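# Examination of the molecular architecture
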2 protein chains.
Amino acid sequence: MARPYHHGDLRTALLDAALQAVEAGGHASLSLRELAAGLGVSHAAPYRHFANREALLAAVASTGFDRLAQAWLAAWQGAGPAGAGPAARLRLAARAYLGFATERPALFRLMFQGPAPPGAEAAFAGLQATMAAALPGAAVAVVKARSIALWSALHGFAWLCVEGRIRPAMLGPLAPGALLEAVLDAALGPLPAAPG
Amino acid sequence: MARPYHHGDLRTALLDAALQAVEAGGHASLSLRELAAGLGVSHAAPYRHFANREALLAAVASTGFDRLAQAWLAAWQGAGPAGAGPAARLRLAARAYLGFATERPALFRLMFQGPAPPGAEAAFAGLQATMAAALPGAAVAVVKARSIALWSALHGFAWLCVEGRIRPAMLGPLAPGALLEAVLDAALGPLPAAPG
DNA sequence: GCCGCCATGTTGACATTGACAACTCGAAAC
DNA sequence: GTTTCGAGTTGTCAATGTCAACATGGCGGC
């Protein structure tokens, strides 16, 4: 069965393969030629679908943001014991953010480097919407400030973990679980309790 | 005046040039050959002093951590109105961290990518020492947890700013200055007031 | 049913780069 | 004065991103 001249859906095939390659070896070692060879097309075929290497990586990063936003919203909407208050749900979403980063470290690294790909702002908008729901009646400026503070703390902790910058030797008597809770407390800040 | 066969101090010359090149164009576009040509040596000369490109970049990152630690300690030790309490001094140090990141964005990006270069842990140790001074009598585990929470929040905010992920359009009615203060408040957390 | 268009792939080429091997220079040690 | 060896050079190779020129074949218009 000879391959047809036209691949059929090379664009999505490239995206899938690139995502896999990034997760496997990091975006730095991704080679367009290797990718093309793996899909059985010539080394210049990818240029029919992406202007250059950077554009392909940006597309991969974009799908990463879609997944991250999805994970965040799923944790916020679906989960938690019935009747859990916004504070508890926000904490679950924050855990989802950290879980995403630690489960897909290479994708996470790619997502937050270079110019923001499409989807990045939408992901933050999701975070902000949940923060608004957790702070009923708060002023817009307050919600935005708290959202960025939360995002910063979560992102910083995730990044430092993913890059291996928080070494067990640095923790001393502090248990990793306790550290996680302390970081979450600081990141989330004061929140109103669950409504009775 | 013919150049002597031996450069004299090629290693430090390479480090200086690499630092400049990184700050000018980012570490991704740094080329060993270009660097060597700029210093008037052959394209293979750098390999006598650094195992590979990565090793040179790691050395640059290491000096970056030295400077960051220095900036942090200087802000903590030297500055502030006389008699300022630990909380105010810690806030100044935090501002110094953010200032470092925004003034040398490309170096900052390099420093926090890949394996931690020598000097990275010492820089964090400096942060932790100041936190310990700002929380007199606190348990070691508490100091460590608070230090990492502070580091995470600062680093996350700095990174998002440096990468242009916090766009003015996202702020709405929130003034940038107010955002900075809010992030600092959240990052620093509750601290004891200045001693009478 | 035939034909031409053009998106999609292919081949070929080029410059750049990181990296290694083999050679050479010259300053310092003896 | 000779030797040694760190430091720099030349030459080379493979891999890669990118572009230009060409080939293919499916689809719409006739």
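Residues numbered from 1 in each chain as written. Chains lettered and ligands numbered in written order. Predicted model: local features only at pLDDT ≥ 70, side-chain atom pairs only at ≥ 80, totals over all residues. Heavy atoms only, no water.

## Describing the overall build of chain A
Put simply, the rule is: For helices the rule is a DSSP run of H or I covering at least 4 residues; for strands it is a run of E covering at least 2, with both sets numbered from the N terminus onward. Burial classification: accessible surface area is computed with a 1.4 Å probe over protein chains only, and a residue below 20% of its type maximum counts as buried, one above 50% as exposed, and the rest as partly exposed. Residues count as neighbours in contact if any of their non-hydrogen atoms are within 4.5 Å of one another. By the counting rule applied here, Lys and Arg register as positive and Asp and Glu as negative, while His and the ends of each chain are not counted. Where a charge lies is defined by one atom per residue type: Lys uses NZ, Arg uses CZ, Asp uses CG and Glu uses CD.
When you go through chain A residue by residue, the secondary structure sums to nine helices and zero strands. Along the first, second and third principal axes, the C-alpha atoms of chain A reach 65 × 40 × 30 Å. Evaluated residue by residue, chain A yields a buried proportion of 45% over its 196 residues. Taking the intrachain contacts of chain A between residues at least 6 apart in sequence as the baseline, contacts between residues at least 24 apart amount to 70%. Looking at charge distribution, chain A has the averaged site of its 15 positive side-chain charges lying 2 Å from that of its 11 negative ones.

## Concerning the protein's contact with DNA strand D
For clarity, the cut-off: Each residue is tested against the molecule or strand, and it is near if at least one of its non-hydrogen atoms lies within 4 Å. Polar contacts, as used here, are pairs of N or O atoms within 3.5 Å; protein pairs need one atom able to donate a hydrogen and one able to accept it. Residues neighboring in sequence count only if both atoms are side-chain atoms. Throughout, the ten residues Ala, Val, Leu, Ile, Met, Phe, Trp, Tyr, Cys and Pro are labelled nonpolar, Asp, Glu, Lys and Arg are labelled charged, and all others, Gly among them, are labelled polar.
Taken together, 25 residues lie near DNA strand D, and Arg33 and Tyr47 of chain A together with Ser42, His43 and His49 of chain B sit nearest. For DNA strand D, a phosphate oxygen lies 3.0 Å from a polar atom in the backbone of Leu32 of chain A. Residue His49 of chain B places a side-chain N or O atom 2.6 Å away from a phosphate oxygen belonging to DNA strand D. Classifying every residue of the surface near DNA strand D gives 10 nonpolar, nine polar and six charged.

## Some words on the relation of the copies chain B and chain A
The condition is simple: Only residues with pLDDT of at least 70 in both copies count here: their C-alpha atoms drive the least-squares fit that superposes the copies.
Between the two copies, chain B and chain A, the superposition gives an RMSD of 0.0 Å; the rotation angle is 180° and the shift along the axis is 0.0 Å. The superposition of one copy onto the other is thereby described by a two-fold rotation axis. The share of interface residues of chain B whose copies in chain A are also at the interface is 100%, consistent with both copies meeting through the same surface.

## Description of the interface of chain B and chain A
To be explicit about the condition: As used here, buried area is the combined drop in accessible area, with a 1.4 Å probe, of two parts when they are placed together. By definition, a salt bridge exists where a carboxyl oxygen of Asp or Glu is found within 4 Å of a side-chain nitrogen of Lys or Arg.
Contacts between chain B and chain A engage 38 residues on the former and 38 residues on the latter. Both faces considered, chain B and chain A share a buried interface measuring about 3100 Å² in area, 68% of it formed by carbon and sulfur atoms. The largest per-residue losses of area from chain B upon contact with chain A belong to Ile148, Arg165 and Met170 of chain B, which jointly make up 21% of the total buried on that side. Counting across the chain B and chain A interface gives two salt bridges. Measuring nitrogen to oxygen at the nearest pair gives 2.1 Å for the salt bridge that ties Glu121 of chain B to Arg167 of chain A. Viewed at the interface, chain A and chain B are joined by 12 residue pairs in polar contact (both at pLDDT 80 or more). Taken together, the elements giving at least two residues each to the side of chain B that touches chain A come down to helix H6 (120-134), helix H7 (140-162), helix H8 (168-171) and helix H9 (176-188) of chain B. Here the side of chain B that touches chain A takes 14 residues from H7 of chain B, the largest share from any one element.

## Section: the protein's contact with DNA strand C
Around DNA strand C, the surrounding shell holds 26 residues, and the nearest of these are Ser42, His43 and His49 of chain A together with Arg33 and Tyr47 of chain B. What you see for DNA strand C is that sugar and phosphate hold 50% of its atoms within 4 Å of the protein. Separating a base nitrogen of DNA strand C from a side-chain N or O atom of Arg48 of chain B is a distance of 3.3 Å. Sort the elements by how many residues they give to the surface near DNA strand C and helix H2 (residues 32-38) of chain B lands first, with three residues. For the surface near DNA strand C, the per-class residue count stands at 10 nonpolar, 10 polar and six charged.

## Description of the environment of Gln70 of chain A
Residues and elements named next belong to chain A. For Gln70, the location among the structural elements is in helix H3 (residues 53-78). Look at Gln70 and you get exposed, because its relative accessible area is 57%. For the pair Gln70 and Met111, spaced 41 residues apart in sequence, the C-alpha separation works out to 15 Å.

## Digging into the packing of helix H1 (residues 10-25) of chain B against helix H3 (residues 53-78) of chain B
Residue and element names in this part refer to chain B. Stated formally: Axis definition: a line fitted to C-alpha atoms, over the contacting stretch in the case of helices. Angles run 0 to 180 degrees between N-to-C directions. Roughly parallel here means an angle under 35 degrees, roughly antiparallel means over 145, roughly perpendicular means 65 to 115, and every remaining angle is called oblique.
Interaxial distance between H1 and H3 falls to 10 Å at its minimum, and their mutual angle equals 80°. With respect to H3, the axis of H1 lies roughly perpendicular. When H1 is examined against H3, the residues Leu14, Leu15, Ala18, Leu19 and Val22 are found in contact with a partner set consisting of Leu56, Leu57, Ala59, Val60 and Arg67. For the contact of H1 with H3, the class distribution of residues is nine nonpolar, no polar and one charged.

## What about the packing of aromatic side chains?
Heads up, the condition is: Note on aromatic pairs: the rings of Phe, Tyr and Trp (six-membered ring only in Trp) are paired at centre separations within 6.5 Å, and the planes decide the class, stacked below 30 degrees, edge-to-face beyond 60, tilted for the rest. Here, over-ring charges are defined by two tests on the NZ atom of lysine or the CZ atom of arginine: distance to the ring centre within 6 Å, and angle to the ring normal within 35 degrees.
Here the structure, examined in full by the defined rule, presents 13 aromatic pairs over all chains. Look at Trp72 of chain A and Tyr97 of chain A: their rings are 6.4 Å apart centre to centre, the planes differ by 90°, and that puts the pair in the edge-to-face class. Note that Trp72 of chain A is positioned in helix H3 and Tyr97 of chain A in helix H4 (residues 86-103), a separation of 25 residues in sequence. Here Trp72 of chain A and Tyr97 of chain A have matching classes, each one buried. Considering the side-chain rings of Tyr97 of chain B and Phe108 of chain B, the 6.1 Å spacing of their centres and the 85° angle between planes classify their relative orientation as edge-to-face. Here Tyr97 of chain B is found in helix H4 (residues 86-103), whereas its partner Phe108 of chain B is found in helix H5 (residues 105-111), with 11 residues between them in sequence. For Tyr97 of chain B, a relative accessible area of 3% gives the class buried. Within the aromatic cluster, the residues linked to one another by ring pairs are Phe65, Trp72, Tyr97, Phe108, Phe112 and Trp159 of chain A together with Phe65, Trp72, Tyr97, Phe108, Phe112 and Trp159 of chain B. Directly above the ring of Trp76 of chain A sits Arg89 of chain A, whose terminal nitrogen or CZ lies 4.3 Å from the centroid.

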